[in-house]
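Structure at a glance
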Number of protein chains: 4
Amino acid sequence: MSTEPTPVTDERLRDADRSQATILAAARDEFAEHGLGGARVDRIAERAGLNKRLIYYYFADKERLFQAVLEQAYRDIRAAEQALHLLDLKPADAVRRLVEFTWNYYLEHPEFLTLLNSANLHRARHLADSQRARELNSPLIETLAEILERGRREGSFRGGVDPLQLYVSIAGMAYFYLSNNHTLSAVFGRDLMTPKALQQRLSHMSDVILGYLLP
Amino acid sequence: MSTEPTPVTDERLRDADRSQATILAAARDEFAEHGLGGARVDRIAERAGLNKRLIYYYFADKERLFQAVLEQAYRDIRAAEQALHLLDLKPADAVRRLVEFTWNYYLEHPEFLTLLNSANLHRARHLADSQRARELNSPLIETLAEILERGRREGSFRGGVDPLQLYVSIAGMAYFYLSNNHTLSAVFGRDLMTPKALQQRLSHMSDVILGYLLP
Amino acid sequence: MSTEPTPVTDERLRDADRSQATILAAARDEFAEHGLGGARVDRIAERAGLNKRLIYYYFADKERLFQAVLEQAYRDIRAAEQALHLLDLKPADAVRRLVEFTWNYYLEHPEFLTLLNSANLHRARHLADSQRARELNSPLIETLAEILERGRREGSFRGGVDPLQLYVSIAGMAYFYLSNNHTLSAVFGRDLMTPKALQQRLSHMSDVILGYLLP
Amino acid sequence: MSTEPTPVTDERLRDADRSQATILAAARDEFAEHGLGGARVDRIAERAGLNKRLIYYYFADKERLFQAVLEQAYRDIRAAEQALHLLDLKPADAVRRLVEFTWNYYLEHPEFLTLLNSANLHRARHLADSQRARELNSPLIETLAEILERGRREGSFRGGVDPLQLYVSIAGMAYFYLSNNHTLSAVFGRDLMTPKALQQRLSHMSDVILGYLLP
DNA sequence: AATGAATGAGGATTCATTCAT
DNA sequence: GATGAATGAATCCTCATTCAT
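The rules behind these values
- Residues numbered from 1 in each chain as written.
- Chains lettered and ligands numbered in written order.
- Predicted model: local features only at pLDDT ≥ 70, side-chain atom pairs only at ≥ 80, totals over all residues.
- Helix = DSSP H or I, 4+ residues; strand = E, 2+ residues; numbered from the N terminus.
- Buried ≥ 20, exposed ≤ 12 C-beta atoms within 10 Å, placed from the backbone.
- Contact = placed C-beta atoms within 7 Å.
- Least-squares fit on C-alpha atoms with pLDDT ≥ 70 in both.
- UniProt positions renumbered as here; feature names shortened; annotations may be inferred.
- Expected span 1.5 Å × (residues − 1).
- Nonpolar A, V, L, I, M, F, W, Y, C, P; charged D, E, K, R; others polar.
- Domains from an automatic or database assignment.
- Axes fitted to C-alpha atoms, helices over the stretch in contact; angles between N-to-C directions.
- Parallel < 35°, antiparallel > 145°, perpendicular 65-115°, else oblique.
- Left-handed = near helix turned anticlockwise from the far one by under 90°.

As for the overall build of chain A
Secondary structure summary: chain A contains eleven helices and zero strands in total. Starting at the N terminus, the α and β elements of chain A follow one another as α-α-α-α-α-α-α-α-α-α-α. Taken along its principal axes, the extent of the C-alpha atoms in chain A is 70 × 50 × 30 Å. Scored against the burial criterion, the 215 residues of chain A give a buried share of 39%. Of the contacts formed within chain A by residues at least 6 apart in sequence, a portion of 67% connects residues at least 24 apart.

Here's the deal with the relation of the copies chain C and chain D
Superposing chain C onto chain D takes a rotation of 180° plus a shift of 0.0 Å along the axis, which leaves an RMSD of 0.2 Å. One copy is carried onto the other by what is essentially a two-fold rotation axis. A share of 93% of the interface residues of chain C reappears at the interface of chain D, consistent with the copies meeting face to face through the same patch.

Concerning unusual backbone geometry
Working note: non-glycine residues mostly have negative phi, and peptide bonds are mostly trans. Despite not being glycine, H85 of chain B has its phi angle at roughly 50°, a positive value. Along the chain, H85 of chain B falls in the loop between α4 (62-82) and α5 (91-108). The backbone phi angle of A60 of chain D is positive, close to 70°, even though this residue is not glycine.

Observations concerning the UniProt feature "domain: HTH tetR-type" (unreviewed entry) in chain A
Here the UniProt-annotated "domain: HTH tetR-type" (unreviewed entry) positions come out as residues 17-77 of chain A. Regarding residues 17-77 of chain A, the helix share stands at 89% and the strand share at 0%, and the terminal C-alpha atoms are separated by 21 Å.

A word on the relation of the copies chain B and chain A
Superposition of chain B onto chain A requires a rotation of 180° combined with a translation of 0.0 Å along the rotation axis, giving an RMSD of 0.2 Å. Both copies contact each other with a shared surface, as 93% of the interface residues of chain B are interface residues in chain A too.

A few points about helix α9 (residues 163-179) of chain C
Count 3.6 residues to each turn of an α-helix, and residues three or four apart come out pointing the same way. The end-to-end C-alpha distance of α9 of chain C, which contains 17 residues, comes to 23 Å, matching closely the 24 Å that a straight helix rising 1.5 Å per residue would cover. By the criterion of burial, α9 of chain C is predominantly enclosed, with 16 of the 17 residues buried.

Looking at the interface of chain C and chain D
Taken together, the 44 residues of chain C in the interface contact 43 residues of chain D. The set of elements that each furnish at least two residues to the side of chain C that touches chain D consists of α1 (7-38), α6 (110-121), α7 (130-136), α9, α10 (181-188) and α11 (195-213) of chain C. Looking at the side of chain C that touches chain D, its residues break down into 21 nonpolar, 18 polar and five charged.

Looking at the domain arrangement of chain A
All names here are of chain A. By the assigned domains, chain A splits into domain 1 (1-59) and domain 2 (69-213). If you average the C-alpha positions of domain 1 and of domain 2, the two centres end up 31 Å apart. Each partner contributes residues to the interface: domain 1 has eight residues there, and domain 2 has eight residues. A per-class count over the side of domain 1 that touches domain 2 returns five nonpolar, one polar and two charged.

A closer look at the interface of chain B and chain A
Across the contact, 43 residues belong to chain B and 43 residues belong to chain A. Of all elements in the fold, only α1 (8-38), α6 (110-121), α7 (130-136), α9 (163-179), α10 (181-188) and α11 (195-213) of chain B reach the threshold of two or more residues within the side of chain B that touches chain A. Here the side of chain B that touches chain A gets eleven residues from one element, more than from any other, and that element is α9 of chain B. Class assignment of the residues belonging to the side of chain B that touches chain A gives a composition of 20 nonpolar, 19 polar and four charged.

Here we look at the packing of helix α6 (residues 110-121) of chain D against helix α9 (residues 163-179) of chain D
Residue and element names in this part refer to chain D. Between α6 and α9, the shortest axis-to-axis distance is 11 Å and the interhelical angle comes to 95°. By the angle class used here, α6 and α9 are roughly perpendicular. Listed contacts from α9 to P110, L113 and N117 of α6 are Y175, L178 and S179. Each residue belonging to the contact of α6 with α9 can be placed in one class, and the counts come to four nonpolar, two polar and no charged.

Topic: the environment of R53 of chain B
All names here are of chain B. Relative to the assigned elements, R53 resides in helix α3 (residues 52-59). The exposed category is assigned to R53, around which 9 C-beta atoms lie within 10 Å. Distance from R53 to R190, taken between C-alpha atoms, is 45 Å for residues 137 residues apart in sequence.

Quick notes on the environment of D15 of chain C
Residue and element names in this part refer to chain C. The topology assignment puts D15 in helix α1. Residue D15 is classed as exposed on the basis of its 10 C-beta neighbours within 10 Å. In this structure, the C-alpha to C-alpha distance between D15 and A119, residues 104 residues apart in sequence, is 30 Å.

Examining the packing of α9 of chain C against α9 of chain D
Running from N to C, α9 of chain C and α9 of chain D point in directions that differ by 110°, and their axes come no closer than 7 Å. One finds that α9 of chain C runs roughly perpendicular with respect to α9 of chain D. Regarding α9 of chain C and α9 of chain D, the two cross each other, and that crossing is right-handed. Contacts between α9 of chain C and α9 of chain D pair V168, S169, A171, G172, M173, Y175, F176 and Y177 of chain C from the former with V168, S169, A171, G172, M173, Y175, F176 and Y177 of chain D from the latter.

A short note on the environment of Y177 of chain A
Within the secondary structure layout, Y177 of chain A lies in helix α9 (residues 163-179). For Y177 of chain A and D76 of chain A, which are 101 residues apart along the polypeptide, the C-alpha to C-alpha distance reads 22 Å. Filtering out sequence-adjacent residues up to four positions away, Y177 of chain A remains in contact with L192 and R201 of chain A together with V168 and G172 of chain B.

Following this line, the structure appears as structure tokens:
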């Protein structure tokens, strides 16, 4: 009869959190593998080792589950970006590091690419709530703007570079290679995922971006 | 008013061809809008104004219909590429033209991007038949190799550039921007599809690619 | 401009007959393999190497095609029975011969068994036309009656044997063994279709029937 | 009015079992009436008064539902056989009783015949799992062997009779008459299902089997 | 006589979701 | 918090059959 919450409640809450996280991870994998349309709630439950009903309990429906997965994916990449501390580096090193980071992140998180694909196939309607989109807004663009400006001032970078354009170019070069690797490999009869090939791609990307920036 | 029998057979054959083409176009649009998983055979039939059964009559099943759509999309872009006659231009002009072409083609054929997305989601299994993949192989890479070599010889381009890498970079820069424009617009709160924004993107791409190539 | 029918017509008629026979044989095999419900008109056309439309041209619909197949099957077995000339044999030999014939016919025409099954699954509605059924009526029962009577008179057979009952027993013993051979083989773990096993079955059947008839 | 929680779990489990049993019975009737190919899952659901989806929930697909029905049918007849206690009877009585039992069981369970027909049409592929087939193996054959041996020893039966052959003959005589009664009735223009005709058939069967066995 | 094209009415199966406890 | 049972509305696909020539 104590007025304090029983420890059981705490434990339950922790269980609840854990269950949600488990579902989210399972859903992320399922959506990444099959897209939004191809994903199966049944399979997500199976992957999570939890009852299907629980998914609805926590996430209401498949759409909102996808939204939650998407937001988590954004939060994850934003967190990784935060850890880069690009402003501590010299401009050229900072850009090089950003290229490397983007490449490695996509390489290590292939699900991110597919999720992005699915989100765009559905016209980003899962980010329609601009409130939410704003929260996911990367401070990276501002950081990159600052880096470009510093580089320009010290004469190591050309001027007039739009940081958003540059960011999209970096991302695009990494993304297309990885996302289309099956198609490209099939069409060109060349395995694009060997360690050597991956290394060459990163080199090429750095060369292009820095070759362009340097005056 | 001739007394000859009308070329009945021909006409019938043409009807069959027309039906197939109609289905293919309808399917292309449906797949582009909803992805492979989200596409509905019923809707394809409706779009085509033809009986659903006919789709199965000609294309066996949804998977193979998708494959046919994909192959058609590849044939279309290859045909457009052929018409560029890049080797008639000076190296820098040729590259600039290729960048413009890629950009405009993607812009004018948004369905191509979505189809590519879907194909990649399914790990290019629709191109698994290597025979087929080979046929889709773009001669563009060889053309680009020749252009790069010419440029290098006349001193206008840097050496050591892998044409496949360059092609993937050009495609990736255009693709990512257009394919992910919904997400990007939402997250960065900026409409990326205004005529001006599109113009700026093309400029940026040309600058990056040529800025990199020029020594 | 001659008034005689051109030979072409004759040829065509012969083609027509041949086509019908081809369809009938293909249908027989298809019905035998898959039953009436499982048979596919498409497959019948394929088996026959003829256009599906032709099946409808000659046989109106699947039901009536089945009926035609069934009637043909009956005509075939009746023809074979006619060739036995049982009345030329001594009673015991005649019965022995009938047992052998039944056994061998079922063994060599397994489709007959399945067709019979299908017909009965559908309550013989394909024989509903009693006119037709009568035509298929086997004179064998009368022949058997005569044999039994002769045997009784010469003291080699017991009396009071109903020829229809006997005929059904002979048929049933052969039929069940062959028709159920897969089930029986699976359940008893014994291959019932080896030459030796088949020989033993025939022996057994003869022993049972004659053991019963002999006083 | 007890304060104990009601055995909720048990009841739910029982509901599940009941649903499965209901589906099984409905499926048995549908398969018996129309065969595997002609049976309609929709109709089975209707007959069961349950949602069609539930059939797939419990039985995966039509094929496996058929298999379950078949296994149940075998279990049922085996259970009935067990209750015969043939070894408590004198050899001749035991055989007579087996003949009667077989006849009556088929007569009262016409669905068993049709199911067997369907199973055979599909070449017992539903019993392919030999593990399962073995479980359905009737101990009747061994019992019959014992009976035949006893009869032989006391001089009332001839020797050298294979119990499996005898069993198949008994079953076949009953089965063919009942299973093909529609065809037979149509062809011979004689109603084989009147009480008198049924009585005569049983008599005939007993006469044949015992006439054969008695020395 | 023969055939390729086309169709409407199903048919098995799937799926997201809700019920009941 | 967690779960097994149940469902209605699709969804892909099939089938017998007809059209048009």
